[in-house]
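Structure assessment
Spelled out, the chains give:
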Amino acid sequence: MSRTAEELAKFLGCAVEGDGSVELSGVAAPGRARPLDLIYVDTARNLDRAARSQARCAVIAPGLTLAEKTLLRSANPKLAFARAAAWLLPSPAISTGIHGTAVISPTAKLAPGVGVGPYAVVEDGVEIAAETEIGAFCFVGRGSRLGKRCRLHPHVTLYPGTLLGSRVILHSGAVIGSDGFGYVAGEGKHWKFPQVGEIEIEDDVEIGANTTIDRGSLERTEICAGAKLDNLVHVAHNVRIGENTVIAAQTGISGSAVIGKNVAFGGQAGLGERCEIEDGAIIGGQSGILPGKTIRSGQIVWGTPARPLEKFKEQFAWLGRLPRLAEQVRKLEKAIIDK
Amino acid sequence: MSRTAEELAKFLGCAVEGDGSVELSGVAAPGRARPLDLIYVDTARNLDRAARSQARCAVIAPGLTLAEKTLLRSANPKLAFARAAAWLLPSPAISTGIHGTAVISPTAKLAPGVGVGPYAVVEDGVEIAAETEIGAFCFVGRGSRLGKRCRLHPHVTLYPGTLLGSRVILHSGAVIGSDGFGYVAGEGKHWKFPQVGEIEIEDDVEIGANTTIDRGSLERTEICAGAKLDNLVHVAHNVRIGENTVIAAQTGISGSAVIGKNVAFGGQAGLGERCEIEDGAIIGGQSGILPGKTIRSGQIVWGTPARPLEKFKEQFAWLGRLPRLAEQVRKLEKAIIDK
Amino acid sequence: MSRTAEELAKFLGCAVEGDGSVELSGVAAPGRARPLDLIYVDTARNLDRAARSQARCAVIAPGLTLAEKTLLRSANPKLAFARAAAWLLPSPAISTGIHGTAVISPTAKLAPGVGVGPYAVVEDGVEIAAETEIGAFCFVGRGSRLGKRCRLHPHVTLYPGTLLGSRVILHSGAVIGSDGFGYVAGEGKHWKFPQVGEIEIEDDVEIGANTTIDRGSLERTEICAGAKLDNLVHVAHNVRIGENTVIAAQTGISGSAVIGKNVAFGGQAGLGERCEIEDGAIIGGQSGILPGKTIRSGQIVWGTPARPLEKFKEQFAWLGRLPRLAEQVRKLEKAIIDK
């Protein structure tokens, strides 16, 4: 389906400059764009590439211009472009209708418009709200409840009792609701501590490929609305991740950690048990936060053990200056002896 | 099914104080417990929460008391609670009977009471002992042998020839017996070194979601009895992990490492090739152990490269004192010049 | 099938010493070898083990000798052994023929000799070249194109539009072509940036279990010929990994990083966005490379932030000497005061 620049401008709430009748059917980077693709330009640095693009229409920041192209003005061109992409290119269906090979319990309740792909398994007592799509080989354990318009790519596993809000996106290989890692040592062995708590993923969460999120042991694991987790992230039992927090790939979060809203994690960060990360903190890639520590709201930390970024940088600089410092000391010793 | 406090006390070998006839059907944290749930109290700090709980029965440490509740005395309340949980709440079945969609080779031998879930695949020559449960979408490669009462959650992959002891628990997405990462460089490319060795997981091992364990190349990869591996752990070819060793999430163990008994790994630790970790050592989270290094029995190490914890802490403290040290040197220089 | 030492020598281009008629049907480590197994000896240190082996034939380095065994001379015995293994023991079939339970779109094109295992799903418009084997539960998304003689172990997911060259090996749980992790913040939430780019894996690439490789956002993710990725590796959108680069387990590569040829990564390394790693560089295990940094051709780096290995070692040594340096300063202060 194609739209005109004018229709798109109306959808985005942008002003149009130039020919509003140019048609658009996709989005692209400037160097790969074809005439029907939308591009975006957020800084003057990207103007040249955009000018050479075959695209006929661009979302563009105030103060920039491109000859011979239709321009959609936006204070945040990248955001407008993202919204335009979702509007021009709705996500392709993961599954349409109920595939004949899907194994669906007679006690499961599927709302109208739910899609279930080949070889998916939906167990007893599951409830799936309207327009949610379940990919091939997904496993939806008994008693799970899924909101509207979720997208489960192929090979997602939901352990029994998993709760998903609406518009949750789960990528392939994600495992939700597995047992937490909890044992009690005694009599020369490790006894499994009960892992019978809850697991809830709220609205608009997206979870990357092969990420694992354990259920609560006796409490609840909770991923709050709008949080985004990259691939291969580990979330242990009883963790709470606040609204709109963003966690890059391969980060690991230990049991009972409490993470606020709008926190940002670099990749491969590690949190010890019962950490508290307050709203808006930024955790640098590969940082390690000790068990029980609190990172204050808005703080930026780095390193293992994690410390404020400025302190890390200062210490790192001193580390580089050590040979010189040692040389100074040697000279002083010599000077003292000489006297 | 519910039991009385008295029956549970007998199972646990505890003394009962108060009404032994109260019924129990589950376990919970104090704040979430309903009247039929068991709770536990291991320190005085948790007494208040427990006193306010709806639970009518608690496992409790010596010297503590709670009015109006039935008390089961235990020197290790958390352990008693874990044992009680397993007794009151047997793990729900992963699969019961052989699902009609399972593809099972005619040459596979399944003992009585084995469960195989929908769309599982069991290849030629596989042997599965009594009461083992195979979840949906599990793949059991040819010639694998599984002991009694194993639990394979949905989406587990066993490469051909995998050996599992009894009571092994494998969480979803675990991959056991994949090829190790071994190549020989020559003539401008990497030639695959044969990865045709063995893989054995002994009794009572539990392996987390999306963890990967490679088979031996020419030798054997071996996870000994009672070891527990968390999610997203990587174990390379020819590794040996000793009895009751515990490995937290996202730790990676390189080829031919030898790990003793009762070793504890924090999350995201990394071991180089041919490391040796002796019995009872403790490897801090995110530590990195260089190839070929030995960590002695009972040692606690941290950092990359890993060093004894006390040394790490001392060096870290010095790092923080460097600005002051430099200031001292500056003053000394000035003093010398002034003289 | 067994071969003679003489036939093998001809295949490898080696000289034979001793009885060329001994038969060979497999490969093994010296301690485990049976009479029909080939072993190899690359250093004098391994001669004793080899001498005690039941094996009757060894590939051996120049200048070494073993009594009573047939010797195949090679300047690179390990390479010759790897080549011999592939010749004596062809990889066992993952799938033979099209299993009756596979769901294959009528618009998919499968060349002769393609194998598709039980419960695999091959979507619309897929093209699979000759002799490629698709394991059980593999998902091949619409429009994907797979070259010749690829091997997809069970439980591999290819998102729509994935391109694989020839002889690509994908281990179980690998996810190829998932959405990159890209959002635009605005109006108090994270908007999904379009993840509609391409993903191409070239010839002779091998990818480990549960590794995830995201598609391009607007551009392309590309794993070039001969690259080898271990288990649980993360590759983000728009990354390019050059020919014959080798990446150990649990390494994570952020968006738009460009990695040259013949680069070697230790395990658990992390690369920031838009890094550039030039040909032949070596990135130590657990190293962290800051966003936008360049590592020069042939450099060896370690640590976070990554620095040249020599510098890391020097700084690490200084860290250990700090207590002594502080003691020197204390003595100087005392000396000054005493004067």
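Within each chain, residue numbers correspond to sequence positions counted from 1 in written order. Each chain is given a letter, starting from A, and each ligand a number, starting from 1, according to the order in which they appear as written. Residues qualify for local features only when their pLDDT is at least 70, as the model is predicted, and side-chain atom pairs are given and counted only at 80 or more; totals for whole chains, interfaces and linings, by contrast, use all residues.

**Considering the overall build of chain A**
The way it works is that DSSP assigns letters per residue, a run of H or I at least four long becomes a helix, a run of E at least two long becomes a strand, and they are numbered from the N terminus. A count of helices and strands for chain A gives four helices and 40 strands. The globule rule used here is 2.2 Å times the number of residues to the 0.38 power, and the radius of gyration it is set against is calculated over C-alpha atoms. What you see for chain A is a C-alpha radius of gyration of 26 Å, clearly larger than the 20 Å of a compact globule of 339 residues, by over 25%. With the principal axes as the frame, chain A shows a C-alpha extent of 90 × 70 × 30 Å. In this scheme every C-beta is placed from the backbone, and a residue whose C-beta has 20 or more other C-beta atoms within 10 Å is buried, one with 12 or fewer is exposed, and one in between is partly exposed. Residues classed as buried in chain A amount to 57% of the 339 residues present.

**Re the relation of the copies chain A and chain B**
The fit set for superposing copies consists of C-alpha atoms from residues with pLDDT of at least 70 in both; the fit itself is least squares. After a rotation of 120 degrees and a shift along the axis of 0.0 Å, chain A superposes on chain B with an RMSD of 0.0 Å. This pairing of chains is accounted for by a three-fold axis.

**With respect to the interface of chain A and chain B**
Interfaces are often sized by the accessible area lost when the parts come together. Each partner contributes residues to the interface: chain A has 44 residues there, and chain B has 49 residues. Taken together, the elements giving at least two residues each to the side of chain A that touches chain B come down to strand S20 (175-178), strand S21 (183-186), strand S22 (189-192) and helix H4 (309-338) of chain A. Ranked by residues supplied to the side of chain A that touches chain B, first place goes to H4 of chain A with seven residues. Of the residues belonging to the side of chain A that touches chain B, the class tally is 22 nonpolar, 18 polar and four charged. The contact criterion used is a C-beta to C-beta distance within 7 Å, with each C-beta placed from the backbone. Classes in brief: Ala, Val, Leu, Ile, Met, Phe, Trp, Tyr, Cys and Pro nonpolar; Asp, Glu, Lys and Arg charged; the others, Gly included, polar.

**Digging into the sheet that holds strand S6 (residues 57-60) of chain A**
Residue and element names in this part refer to chain A. Strand order in the open sheet formed by five strands is S2-S7-S6-S5-S4, with mixed pairing between adjacent strands. The sheet is open, and its two edges are formed by strand S2 (15-17) and strand S4 (26-27), each paired on a single side. The pairing of S4 with strand S5 (residues 37-41) spans two bridges and is parallel. For valine 27, the partnering residue across the bridge sits in S5 and is leucine 38. Of the strands in this sheet, S2, S6 and strand S7 (70-73) touch helix H1 (residues 5-12), which is tilted by about 5 degrees from S7. Only the stretch in contact is used when fitting a helix axis, every axis being a line fitted to C-alpha atoms; angles between N-to-C directions are given from 0 to 180 degrees. Sitting on the sheet, helix H3 (residues 77-88) is in contact with S4, S5, S6 and S7, with an inclination near 165 degrees to S5. A pair of strands is treated as paired once DSSP finds two or more bridges between them.

**A word on the pairing of strand S26 (residues 220-223) of chain B**
Sheet topology note: the strand S23 (residues 198-201) of chain B/S26 of chain B ladder contains four bridges and is parallel. Across the sheet, the residue bridging to glutamate 198 of chain B is arginine 220 of chain B, located in S26 of chain B.

**Examining the interface of chain C and chain B**
If you look at the interface, chain C gives 49 residues, while chain B gives 45 residues. Elements that contribute at least two residues to the side of chain C that touches chain B include exactly helix H3 (77-88) and helix H4 (309-338) of chain C. The leading source of residues in the side of chain C that touches chain B is H4 of chain C, at nine residues. Classifying every residue of the side of chain C that touches chain B gives 26 nonpolar, 17 polar and six charged.

**A short note on unusual backbone geometry**
Note the cis peptide between threonine 304 of chain A and proline 305 of chain A, where omega equals -5 degrees. On the secondary structure map, proline 305 of chain A appears in the loop between strand S39 (300-302) and strand S40 (307-308). Positive phi, close to 70 degrees, is recorded for glutamate 131 of chain C, a residue that is not glycine. Tracing the sequence through the fold places glutamate 131 of chain C in the loop between strand S12 (127-128) and strand S13 (133-134). Backbone geometry at glutamine 286 of chain C places phi at a positive 65 degrees, although glycine is not the residue there. When you line up the elements, glutamine 286 of chain C lands in the loop between strand S36 (282-283) and strand S37 (288-289).

**So, the sheet that holds strand S8 (residues 103-104) of chain A**
Residue and element names in this part refer to chain A. If you walk across this open sheet you meet the ten strands as S8-S11-S14-S17-S20-S25-S28-S31-S34-S37, and the pairing is parallel. Of all strands in the sheet, those bounded by a partner on one side alone are S8 and strand S37 (288-289). Across two bridges, strand S31 (residues 252-253) lies against strand S34 (residues 270-271) in parallel orientation. Residue pairing in the sheet places glycine 252 in a bridge with glycine 270 of S34.

**Re helix H1 (residues 5-12) of chain C**
Residue pairs spaced three or four apart in an α-helix point in one direction, given the helix's 3.6 residues per turn. Residue and element names in this part refer to chain C. Within the sequence span of H1, burial applies to Ala5, Leu8 and Ala9. Buried residues of H1, viewed axially, fall in a sector of 100 degrees; they line one side. Buried residues along H1 sit against strand S1 (3-4), strand S2 (15-17), strand S3 (23-24), strand S6 (57-60), strand S7 (70-73) and H3. Immediately downstream of H1, the backbone of glycine 13 shows phi near 75 degrees, a positive value. By construction, the arc corresponds to the directions joining the helix axis to the C-beta atoms.

**Observations regarding helix H3 (residues 77-88) of chain B**
With twelve residues, H3 of chain B extends 16 Å between its outermost C-alpha atoms, agreeing within 8% with the 16 Å of an ideal straight helix rising 1.5 Å per residue. Listing the buried residues of H3 of chain B in full gives Pro77, Leu79, Ala80, Phe81, Ala82, Arg83, Ala84, Ala85 and Leu88 of chain B. Helix span is expected to be 1.5 Å times the residue number reduced by one.

**Concerning the nonpolar core**
Judged by nonpolar contacts, the single largest core of 206 residues is most densely connected at Ala120 and Ile283 of chain A, Ala120 and Ile283 of chain B together with Ala120, Ile176 and Ile283 of chain C. Those residues in contact with isoleucine 283 of chain A that sit more than four places away from it in its chain are Val263, Phe265, Gly266, Ala269, Ile277, Ile295, Val301 and Ala306 of chain A. Note on terminology: a nonpolar core is any set of buried Ala, Val, Leu, Ile, Met, Phe, Trp, Tyr and Cys residues joined through C-beta atoms within 7 Å.

**Description of the environment of glycine 260 of chain A**
All names here are of chain A. Relative to the helices and strands, glycine 260 resides in the loop between strand S32 (258-259) and strand S33 (264-265). Of the residues examined, glycine 260 has 20 C-beta atoms within 10 Å and is grouped as buried. Sequence-wise, glycine 260 and glutamate 243 are 17 residues apart; in three dimensions their C-alpha atoms are separated by 7.2 Å. Setting aside chain neighbours within four positions, we find glycine 260 in contact with Gly242, Ile277, Glu278 and Asp279.

**A short note on the packing of helix H4 (residues 309-338) of chain B against H4 of chain C**
For the pair H4 of chain B and H4 of chain C, interaxial distance at closest approach is 10 Å and the crossing angle is 30 degrees. On the basis of the axis angle, H4 of chain B is roughly parallel to H4 of chain C. For the pair H4 of chain B and H4 of chain C, the crossing hand works out as left-handed. The segment H4 of chain B lies against H4 of chain C, with Gln315, Trp318, Leu319, Leu325, Gln328, Val329, Leu332 and Ala335 of chain B engaging Leu319, Gly320, Leu322, Pro323, Ala326, Val329, Leu332, Glu333 and Ile336 of chain C. Counted by class, the contact of H4 of chain B with H4 of chain C contains 13 nonpolar, three polar and one charged residues. Each angle is binned into one of four classes, with values under 35 degrees roughly parallel, values over 145 roughly antiparallel, values of 65 to 115 roughly perpendicular, and all other values oblique. By definition, any crossing whose near helix is turned counterclockwise from its far helix by less than a right angle is left-handed, and any crossing with a clockwise turn is right-handed.

**Concerning the packing of H1 of chain A against H3 of chain A**
Residues and elements named next belong to chain A. Where H1 meets H3, the closest approach of the two axes is 10 Å, and the angle between their N-to-C directions is 115 degrees. With respect to the hand of their crossing, H1 and H3 are arranged in right-handed fashion. Every residue of H3 that contacts H1 at Leu8, Phe11 and Leu12 is listed here: Ala80, Arg83, Ala84 and Trp87. Split into classes, the residues belonging to the contact of H1 with H3 amount to six nonpolar, no polar and one charged.

**Remarks on the confidence of the model for chain A**
Confidence along chain A averages 96 in pLDDT terms, with 100% of residues attaining 70 or more. Scored by ipTM, the complex comes to 0.96, with pTM at 0.97. Residue-level confidence of the predictor, termed pLDDT, takes values from 0 up to 100.

**Regarding the environment of leucine 110 of chain B**
Within the fold, leucine 110 of chain B resides in strand S9 (residues 109-110). For the pair leucine 110 of chain B and threonine 132 of chain B, spaced 22 residues apart in sequence, the C-alpha to C-alpha distance is 9.1 Å.

**With respect to the pairing of S21 of chain A**
Residues and elements named next belong to chain A. Alignment of S21 against S22, held across four bridges, turns out to be antiparallel. The residue of S22 that forms the bridge with valine 184 is tryptophan 191. Connecting the antiparallel pair S21 and S22 is a turn made up of two residues, with glutamate 187 showing a positive phi of about 55 degrees.

**Some remarks on the environment of threonine 211 of chain B**
Residue and element names in this part refer to chain B. Along the polypeptide, threonine 211 turns up in the loop between strand S24 (206-207) and strand S25 (212-214). Owing to 28 C-beta atoms within 10 Å, threonine 211 belongs among the buried residues under this scheme. Along the backbone, threonine 211 and alanine 281 are 70 residues apart, and their C-alpha atoms lie at a distance of 22 Å.

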